[in-house]
Amino acid sequence: MSINIDEHHVRHFRENGFVVLKGCLPEALVKALQTASACTIDRALSDYHAGIISSQIAYSSNSNPPSVFRINQLLHSDPVFSQALLQPELLNGLKAVIGEPIVPMYESLLIKEAGQNSEIGWHWDMKREQSDVIITVGIYLDHSDASQDALCVIPGSHKMSGDICYFEDELAAGRLKAIEVEAQPGDVIIHDVMLAHSSKARKEAGQRKTIYFEFRSLSHVNKNPRLSQAWIDKRIELLEYASHDTVPDSQFISELYALSVNLEAGHYCFRFEQI
Ligand SMILES: O=C(O)CCC(=O)C(=O)O
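Description of the structure in this document. (Residues numbered from 1 in each chain as written. Predicted model: local features only at pLDDT ≥ 70, side-chain atom pairs only at ≥ 80, totals over all residues.)

**Here we look at the overall build of the protein**
Thought 1: For the protein, the helix and strand inventory stands at eight helices and 11 strands.
Thought 2: The C-alpha atoms of the protein give 18 Å as radius of gyration, which agrees with the globular expectation for 275 residues (19 Å, within 12%).
Thought 3: C-alpha atoms of the protein, sized along the principal axes, occupy 50 × 45 × 40 Å.
Thought 4: For the protein, buried positions account for 35% of its 275 residues.
Thought 5: Sequence separation of 24 or more characterises 84% of the internal contacts of the protein that already satisfy a separation of 6 or more. (Helix = DSSP H or I, 4+ residues; strand = E, 2+ residues; numbered from the N terminus. Rg over C-alpha atoms; globule rule 2.2 N^0.38 Å. Buried ≥ 20, exposed ≤ 12 C-beta atoms within 10 Å, placed from the backbone. Contact = placed C-beta atoms within 7 Å.)

Rendered as structure tokens:
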């Protein structure tokens, strides 16, 4: 394996708003991430049954037995998640995609499985200024099939005007086309936060687990009023572990997540019926 993000990937990303990096994670790391994810999910379920509810975990409200849909602040769960985030080759590639120094914003695990209402409607991850580059990086730990619950995107929509309701209407009218982006364990899909995307509910047995990281350009971070200087400094300190080829200890991770931040919400289409 090698994480080789070249100019073709960067061009594909700029033109289409997403790019797939096939088999870019080492097999041993993928296996370790799969094991750590399974343990993290099991722990979240036992906590749920013991009445211990964390604000960083989303459970599926309509599945029986209950299941876990999303786990935030993932670096708390196991050092291997920091290892995945802090791979120097990956970070260099992401810097090439963003075109300037980068800042990691959050770390979460998405789990899609049958029985949950796991459909994710069309949305942007957030709204950004035209000049900013902000990317969502999905590390796939399971197969993601077009016939199932793969990521669905409207190529080039990150450069189009119009909101999410507009994209939904254009898709329904057949004037825009969406595609499913399949992935295998160890693949990485990078998308622009303003690429319109969705995914269907999973119907088949098994899970599709994806680790999500977000990265923003340093110039964006420095002008974003939501982010305190202490928060930015700690995030930059986190990145420095990559150059020392080590991962932060649990004390550092606790300090990192203790600094609160209120990141922008996703944009969906809400339609109100007239009474
Ligand atoms: O992986 C997916 O199905 C999409 C996830 C997504 O868009 C999100 O979590 O906002």
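Anyway, onward from the coordinates.
**Some thoughts on the site of the ligand**
Thought 1: Lining the immediate surroundings of the ligand are Leu110, Ile120, Asp125, Gly138, Leu151, His197, Ser199, Thr210 and Gly266.
Thought 2: Looking at the shell around the ligand, its residues break down into three nonpolar, five polar and one charged. (Near = placed C-beta within 6 Å. Nonpolar A, V, L, I, M, F, W, Y, C, P; charged D, E, K, R; others polar.)

**Section: the pairing of strand S1 (residues 18–21)**
Thought 1: Residue alternation in S1 divides its side chains into two sets, Phe18 and Val20 and Val19 and Leu21, and both sets are buried.
Thought 2: As paired elements, S1 and strand S9 (residues 188–192) share four bridges and run antiparallel to each other. Looking across to S9, one finds that Val20 is bridged to Ile189. (Pairing = 2+ DSSP bridges.)

**Section: the sheet that holds strand S10 (residues 197–199)**
Thought 1: Pairing within the open sheet is antiparallel, and its four strands lie in the order S5-S10-S7-S8. On the outer flanks of this sheet lie strand S5 (120–123) and strand S8 (179–181), each paired with one strand and no other. Averaged over all pairs of adjacent strands, the angle between strand axes in this sheet comes to 25°, irrespective of strand direction.
Thought 2: When strand S7 (residues 151–153) meets S10, the two strands line up antiparallel, connected through three bridges. Across the sheet, the residue bridging to Val153 is His197, located in S10. (Axes fitted to C-alpha atoms, helices over the stretch in contact; angles between N-to-C directions.)

**What about helix H7 (residues 229–243)?**
Thought 1: Given a rise of 1.5 Å per residue, 15 residues ought to cover 21 Å, and the 22 Å separating the end C-alpha atoms of H7 matches this to within 8%.
Thought 2: The secondary structure elements touched by the buried residues of H7 are helix H4 (88–98), strand S4 (102–113) and helix H8 (250–258).
Thought 3: Just downstream of H7, Asp245 is the residue with a positive phi angle, here 55°. (Expected span 1.5 Å × (residues − 1).)

**Details of the environment of Asn222**
Thought 1: On the secondary structure map, Asn222 appears in helix H6 (residues 218–223).
Thought 2: Taking the number of C-beta atoms within 10 Å as the measure of exposure, Asn222 has 12 and is therefore exposed.

**What about the sheet that holds S1?**
Thought 1: Strand order in the open sheet formed by seven strands is S1-S9-S6-S11-S4-S3-S2, and the pairing between neighbours is antiparallel. The two strands at the open ends of the sheet, each matched to only one other strand, are S1 and strand S2 (57–60). Along the sheet, successive strands turn relative to each other by an average axial angle of 15°, direction set aside.
Thought 2: For strand S6 (residues 134–140) and strand S11 (residues 207–217), the ladder comprises seven bridges, and the chain directions are antiparallel.

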